[in-house]
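Fold and contact review
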Amino acid sequence: MNLTFKGFLRAYCRELTGLDTDNLKRLAQAVATSAPAAAEAVMAFAAVQGKARYLAELSRGAWMEEGYRAVLPYLEGDSDVADFLQSENAPERYRKVWQAYLSKRDAVVADRRVSGLMREKTLTALKERGVTAYRLCEDLGLNKGNVYAYLNRGDLTKVSRATARKIMEYACAA
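We now turn to the structure provided with this report. (Residues numbered from 1 in each chain as written. Predicted model: local features only at pLDDT ≥ 70, side-chain atom pairs only at ≥ 80, totals over all residues. Heavy atoms only, no water.)

Considerations on the overall build of the protein chain
Rules: We count a stretch as a helix when DSSP gives it H or I for four or more residues in a row; a strand needs E for two or more, and each element gets its number in order from the N terminus. Our radius of gyration is a C-alpha quantity, and the globule rule it is checked against amounts to 2.2 Å times the number of residues to the power 0.38. Here's how the labels work: a residue is buried when its accessible area is under 20% of the maximum for its type, exposed when over 50%, partly exposed in between, all with a 1.4 Å probe on protein chains only. Note on areas: Shrake-Rupley, 1.4 Å probe, and residue coverage restricted to the protein chains presented here.
When its secondary structure is counted, the protein chain shows 11 helices and zero strands. Listing every helix and strand of the protein chain by position from the N terminus yields α-α-α-α-α-α-α-α-α-α-α. Computed over its C-alpha atoms, the radius of gyration of the protein chain comes to 23 Å, more than 25% above the 16 Å expected for a compact globule of 174 residues. With the C-alpha coordinates of the protein chain rotated into their principal frame, the extents come out at 70 × 30 × 20 Å. Relative to its 174 residues, the protein chain shows a buried fraction of 40%. Carbon together with sulfur atoms contributes 48% to the accessible area of the protein chain, which is approximately 9900 Å² in total.

See below:
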C-alpha cells in the first residue's frame, strides 16, 4: 500500500469530522460546530491543495480563525506542508497530524515485523509438538497456500497480523 500524505489527510479529515466529503466549506463548518479536533487536519488538507488562504477566509468569525491566521504564512505559496508539520514553528497540535500520518504509513511495516517474530515462535512450537502445517490449516480453516508461503518461505505478506497470531496461538497450545 502506498499511502500519500494528501490521501491520508483526506481520509483523516473525513474520519474526524464524520463527513464523507472533501468540500472545504463543509469541513470548516464541521470544525466550527461539532468537530473541533479536526481543525489542524482540515487546515493541513487545505494547504496541500493550495487552499490554505481560502480556508482561513472561511473561518472568519469562528473560534479557529486566529489559529488559522497564525499558521497561514507557513502554509501558503511554495512551502511544503509536511516540512512545516515537522518543524519547530508548527504548534504541537499540527505536529500530531504528521505523527498520525507516520503511524498510519508505517503500520504495515510494523505488522509485518511482528508477524515475522510470531512466525519464528510458531515454527519452533510446531516442531516441538510435532504438528504439521496441514493439520494447522485444517483445524483453523485457513488457506493452505498462504499458510505454507508464510511458514515455509517466510512470505509475511500472505497472512495478516491477526491470522499470524491465531496460527501462533494454535501452535503453542497444540
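That covers the picture; the talk isn't over yet.
Here's the deal with the environment of Ala 171
This is how it is decided: When checking whether two residues touch, look at their non-hydrogen atoms; a contact exists if any pair is within 4.5 Å.
Its location among the elements puts Ala 171 in helix H11 (residues 161-173). Residues Ala 171 and Asn 143, 28 residues apart in the sequence, show an inter-C-alpha distance of 16 Å. The contacts of Ala 171, once residues within four sequence positions are left out, are Thr 122, Ala 125, Leu 126 and Arg 129.

Some details on the packing of aromatic side chains
How we decide: Here a Phe, Tyr or Trp ring, Trp counted by its six-membered ring, pairs with any other such ring whose centre lies within 6.5 Å, and the pair is stacked when the planes are under 30 degrees apart, edge-to-face when over 60, and tilted otherwise.
Under the definition given, this model contains seven aromatic pairs. Note on Phe 8 and Tyr 101: the rings are 5.6 Å apart at their centroids and 55° apart in plane angle, and the pair reads as tilted. Of this pair, Phe 8 sits in helix H1 (residues 5-17) while Tyr 101 sits in helix H7 (residues 92-105), and the two are 93 residues apart along the sequence. Of the two residues, Phe 8 and Tyr 101, both sit in the buried class. Relative to Tyr 94, the ring of Phe 84 lies with its centre 6.1 Å away and its plane at 65°, an arrangement referred to as edge-to-face. One end of the pair, Phe 84, is in helix H6 (residues 81-86); the other, Tyr 94, is in helix H7, with 10 residues separating them in the sequence. Here Phe 84 matches Tyr 94 in class, with each residue buried. An aromatic cluster of at least three residues, connected via ring pairs, comprises Phe 5, Phe 8, Tyr 12, Trp 98 and Tyr 101.

Re the side chain of Ser 59
Stated precisely, the cut-off is as follows: N or O atoms within 3.5 Å of each other form a polar contact, as long as, within protein, one can give a hydrogen and the other can take it, and as long as residues adjacent in sequence are counted only when both atoms are side-chain atoms.
Along the chain, Ser 59 falls in the loop between helix H4 (52-58) and helix H5 (65-75). Residue Ser 59 is classed as buried on the basis of its relative accessible area, which comes to 0%. There is a polar contact of 2.7 Å between the side chain of Ser 59 and the backbone oxygen of Ala 56.

Thoughts on helix H9 (residues 133-140)
Short version of the rule: The directions from the helix axis to the C-beta atoms are what the arc is built from.
For H9, every residue scored as buried is listed here: Ala 133, Leu 136 and Cys 137. Projected down its long axis, H9 carries its buried residues within an arc of 95°, all on one side. Buried residues along H9 sit in contact with helix H8 (107-129), helix H10 (144-152) and H11. Just downstream of H9 lies Gly 141, where phi reads positive at about 70°.

Points about the pattern of salt bridges
Where we set the bar: When a carboxyl oxygen of Asp or Glu is within 4 Å of a side-chain nitrogen of Lys or Arg, the pair counts as a salt bridge.
Evaluated as defined, the whole model comprises 16 salt bridges. Ionic pairing is found between Asp 22 and Arg 14, a salt bridge with its closest N-O pair at 2.9 Å. The shortest N-O distance in the salt bridge between Arg 95 and Glu 88 comes to 3.9 Å. Arg 95 sits in the partly exposed class, given a relative accessible area of 24%. You can call Glu 88 exposed: its relative accessible area is 70%. Salt bridges here are not isolated pairs; linked through shared partners, they connect Arg 10, Arg 14, Asp 20 and Asp 22.

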